[in-house]
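# Fold and contact review
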Amino acid sequence: MTHFDFKEWADLYQVDPAAFEQRREAVLEGYVASVDPEHRLALEQTLFKIRMIRQRSKSPLQSAMESSKLMWESFGKLREQVQKLEQELSPAPLKQNGLRLIDSNFTTDVETYVEQSEPAANLARIIPFTASGKRAH
């Protein structure tokens, strides 16, 4: 179904609720049939859950509320999976140690590091720490 005319559906429901339900079911079944087979089972299961909610609900409002709850639970699970992927794909944060950040790949053996790169005088810089304009001890 590419076009949805709310007024047409509302009018059909007012005139013939049984025809409305038949048409609604036909549209749902047609959509399920159009989905790739690998996703069809999950869609059929979700549709079954919604049908059961509608069947056991005492009112259309209760049915809508329970269906909405089902949707938000599904959304929550999806969000958890997205967060896991984001954590797996993001670089590890630098560890904080006092006033400086330490790269986890940095070796603490300064002699090994100095041998691998440049002279020690170029590796470190002293930054005086002051508080309220006075030099700290």
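Summarised in this report is the structure supplied together with it. The structure presented is a predicted model; accordingly, all values stated were derived computationally and were not measured.

About the thresholds
Residues numbered from 1 in each chain as written. Predicted model: local features only at pLDDT ≥ 70, side-chain atom pairs only at ≥ 80, totals over all residues. Heavy atoms only, no water. Helix = DSSP H or I, 4+ residues; strand = E, 2+ residues; numbered from the N terminus. Buried < 20%, exposed > 50% of the residue type's maximum accessible area, 1.4 Å probe, protein only. Contact = heavy atoms within 4.5 Å. Areas by Shrake-Rupley, 256 points an atom, 1.4 Å probe, with all protein chains shown as cover. Salt bridge = Lys/Arg side-chain N within 4 Å of Asp/Glu carboxyl O.

### Description of the overall build of the protein chain
- A count of helices and strands for the protein chain gives 6 helices and 4 strands.
- The secondary structure elements of the protein chain, listed N-terminal to C-terminal, are α-α-α-α-β-β-α-α-β-β.
- Per-residue burial over the protein chain gives 8% buried out of 137 residues.
- Across the protein chain, the fraction of contacts at a sequence separation of at least 24, relative to all contacts at a separation of at least 6, is 10%.
- In the form shown here, the protein chain has an accessible surface area of approximately 12,500 Å², with 58% of it arising from carbon and sulfur atoms.

### Let's talk about the pattern of salt bridges
- This structure, assessed with the given rule, holds 9 salt bridges.
- With a shortest N-O distance of 2.5 Å, E25 and R51 are connected by a salt bridge. One end of the pair, E25, is in helix α2 (residues 17-34); the other, R51, is in helix α3 (residues 37-56), with 26 residues separating them in the sequence.
- A salt bridge links R51 to E29, with the nearest nitrogen and oxygen atoms 2.7 Å apart.

None of the figures reported here should be taken as evidence of function without further support.
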